[in-house]
Amino acid sequence: MPEIIIDKEFKNLLPGLTPEELTGLEAKIRRDGCLDPLVLWKNNLIDGHHRYDICTRLGITFKTTGINLADRNEVCLWILDHAKNRRNLTAFSLVEIELKKKPFIAATAKEKQEREADRMERLGMED
């Protein structure tokens, strides 16, 4: 198993579970084991922080799977979008998640614009 890296930005991007949710998750993992694989990007844990904490504390084995994403911005967007589909979130929480995506979308757009400007400049130099 690869060494798992806990990146604070990735871990803190979403709000934590409530004490009741955490207790319920731990009870489920004690009963059934860790059924869903933890998701890694370049050995960085990007999905499953609570499961990872519970499993390592209790000595319960877990599986991992990797995901291929271009950069940290794309990882953060994936984390936010993935959480929307997996949690019971209020409408307010969903709006908060969408608002958190704004700086990552802006950074990705800026990078694409810079790459396109570089490409256009190279094409202009070849004329």
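It should be emphasised that the depicted structure is a prediction, and the values quoted were computed from it without experimental measurement. (Residues numbered from 1 in each chain as written. Predicted model: local features only at pLDDT ≥ 70, side-chain atom pairs only at ≥ 80, totals over all residues. Heavy atoms only, no water.)

What follows is about helix H3 (residues 49-58). Taken residue by residue, H3 has His-49, Arg-51, Tyr-52, Ile-54 and Cys-55 as its buried positions. Positive phi appears at Gly-59, one or two residues downstream of H3, with a value of about 70 degrees. (Buried < 20%, exposed > 50% of the residue type's maximum accessible area, 1.4 Å probe, protein only. Helix = DSSP H or I, 4+ residues; strand = E, 2+ residues; numbered from the N terminus.)

What follows concerns the packing of aromatic side chains. In this description, a pair of aromatic rings is defined by centroid distance and the angle of the planes. Tallied over the full model, the rule gives two aromatic pairs. Look at Phe-10 and Trp-41: their rings are 6.2 Å apart centre to centre, the planes differ by 75 degrees, and that puts the pair in the edge-to-face class. With a gap of 31 residues between them, Phe-10 in helix H1 (residues 8-12) and Trp-41 in strand E1 (residues 38-41) connect regions that are remote in the sequence. Owing to a relative accessible area of 2%, Phe-10 belongs among the buried residues under this scheme. Relative accessible area serves as the criterion here: at 6%, Trp-41 is assigned to the buried category. Aromatic pair Tyr-52 and Phe-62: ring centres 5.8 Å apart, planes at 75 degrees, arrangement edge-to-face. With Tyr-52 in helix H3 and Phe-62 in the loop between H3 and strand E3 (64-66), this pair connects stretches of sequence that are 10 residues apart. Accessibility classification places Tyr-52 together with Phe-62 in one group, the buried group. (Phe/Tyr/Trp six-rings, centres within 6.5 Å; stacked < 30°, edge-to-face > 60°.)

Another point: the side chain of Glu-26. Summarising the element assignment, Glu-26 is placed in helix H2 (residues 19-32). Judged by its relative accessible area of 17%, Glu-26 falls in the buried class. Within the structure, the side chain of Glu-26 is placed 2.7 Å from the side chain of Arg-57, a separation counted as a polar contact. When neighbours within four sequence positions are excluded, Glu-26 is seen to be in contact with Ile-54, Arg-57 and Leu-58. (Polar contact = N/O pair within 3.5 Å; in protein donor to acceptor, adjacent residues only side chain to side chain. Contact = heavy atoms within 4.5 Å.)

Read across the open sheet, the three strands follow the order E2-E1-E3; overall the sheet is mixed. Whereas interior strands pair on both sides, the edge strands pair on one side only; in this sheet they are strand E2 (44-47) and E3. The sheet shows a mean angle of 45 degrees between the axes of neighbouring strands, taken without regard to direction. Packed on one face of the sheet, H3 meets E1 and E2 and runs near 115 degrees to E2. (Pairing = 2+ DSSP bridges. Axes fitted to C-alpha atoms, helices over the stretch in contact; angles between N-to-C directions.)

Ranked by internal contacts, the top residues of the largest apolar core, which has 15 residues, are Phe-10, Ile-46, Val-75 and Ile-79. Broken down by secondary-structure element, the contributors of at least two residues to this core are E1, helix H4 (72-86) and helix H5 (91-126). If you tally residues by element for this core, the top one is H4, at six residues. Contact partners of Ile-46, with chain neighbours within four places excluded, come to Phe-10, Val-39, Trp-41, Ile-67, Leu-69, Val-75, Trp-78 and Ile-79. Listed in part, the 10 residues of the second largest apolar core include Leu-38, Leu-40, Cys-55 and Phe-62. (Core = buried A, V, L, I, M, F, W, Y, C linked by side-chain atoms within 4.5 Å.)

A few words now on the side chain of Thr-108. Topologically, Thr-108 is positioned in helix H5. Sequence-distant contacts of Thr-108, defined by excluding residues within four places in its chain, comprise Asn-73 and Leu-77.

All right, on to the pairing of E2 then. Of the strand pairs in this sheet, E1 and E2 are connected by three bridges, and their pairing is antiparallel. Bridge assignment links Val-39 to a residue of E2, and that residue is Asp-47. The loop that links E1 with its antiparallel partner E2 comprises two residues; one of these, Lys-42, has a positive phi angle of about 50 degrees.

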